[in-house]
Amino acid sequence: MKVTNLMEQIVEDVLQEQWQNLNLACTCEICRNDILAVTLNALPPRYVAHERGRVIVQARMMHEQMKADVLREVARAAGIVGAKPSHE
């Protein structure tokens, strides 16, 4: 297994789950990727190098505060991107 930032998958999952609730004017792939990037830049990375590390990080994600932190940052990023998309 190569070294992976597991936070990327976590944020992608939350973004997928909450996409309809974000009520964005634009739902293109560019805006989606911008939201993902802004969110990931605001959260600490969670690098893992083996399956055991993946399991530990996933167990921590079960904690309600961590879920709330990710959701808060996704919503904040959606507000930023929605207010000023990087395209016309």
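As shown above, the structure is provided for reference.
Since this is a predicted model, take the numbers as computed values, not measurements. (Residues numbered from 1 in each chain as written. Predicted model: local features only at pLDDT ≥ 70, side-chain atom pairs only at ≥ 80, totals over all residues. Heavy atoms only, no water.)

A.B. asks: Where do I start with helix α4 (residues 64–83) in this structure?
C.D. replies: Because the α-helix completes a turn every 3.6 residues, residues three or four places apart line up on one side. Under the 1.5 Å per step criterion, the end-to-end length of α4 is 29 Å for 20 residues, consistent within 8% with the ideal 28 Å. Buried within α4 are the following residues: Met66, Val70, Glu73, Val74, Ala77, Ala78 and Val81. Projected onto a plane normal to the axis of α4, the buried residues spread over an arc of 140 degrees and lie on a single side. Turned more than 90 degrees off the buried face of α4, the exposed positions are Glu64 and Ala83. (Helix = DSSP H or I, 4+ residues; strand = E, 2+ residues; numbered from the N terminus. Expected span 1.5 Å × (residues − 1). Buried < 20%, exposed > 50% of the residue type's maximum accessible area, 1.4 Å probe, protein only. Arc of directions from axis to C-beta.)

A.B. asks: Would you mind going over the environment of Ile35 with me for this structure?
C.D. replies: With respect to the secondary-structure elements, Ile35 resides in helix α2 (residues 29–42). On the basis of relative accessibility, which here comes to 0%, the residue Ile35 falls in the buried class. Here the alpha-carbon distance between Ile35 and Glu88, two residues 53 residues apart in the chain, equals 16 Å. Those residues in contact with Ile35, other than ones at most four positions away along the chain, are Leu15, Trp19, Leu24, Val74, Ala77, Ala78 and Val81. (Contact = heavy atoms within 4.5 Å.)

A.B. asks: Before we go on, may I ask you to explain the packing of aromatic side chains in this structure?
C.D. replies: Aromatic ring pairs: the centre-centre distance and the angle between the two ring planes describe each pair. Per the stated rule, a full pass over the model turns up 0 aromatic pairs. Above the face of the Trp19 ring, Arg32 is positioned so that its terminal group lies 4.9 Å from the ring centre. (Phe/Tyr/Trp six-rings, centres within 6.5 Å; stacked < 30°, edge-to-face > 60°. Lys NZ or Arg CZ within 6 Å of the ring centre and 35° of its normal.)

A.B. asks: Looking at this structure, how should I read unusual backbone geometry?
C.D. replies: The bulk of non-glycine residues show a negative phi, and the bulk of peptide bonds are trans. Phi is positive for Asn23, which is not a glycine, with a value near 50 degrees. For Asn23, the position within the fold is in the loop between α1 (6–18) and α2. Owing to a relative accessible area of 66%, Asn23 belongs among the exposed residues under this scheme.

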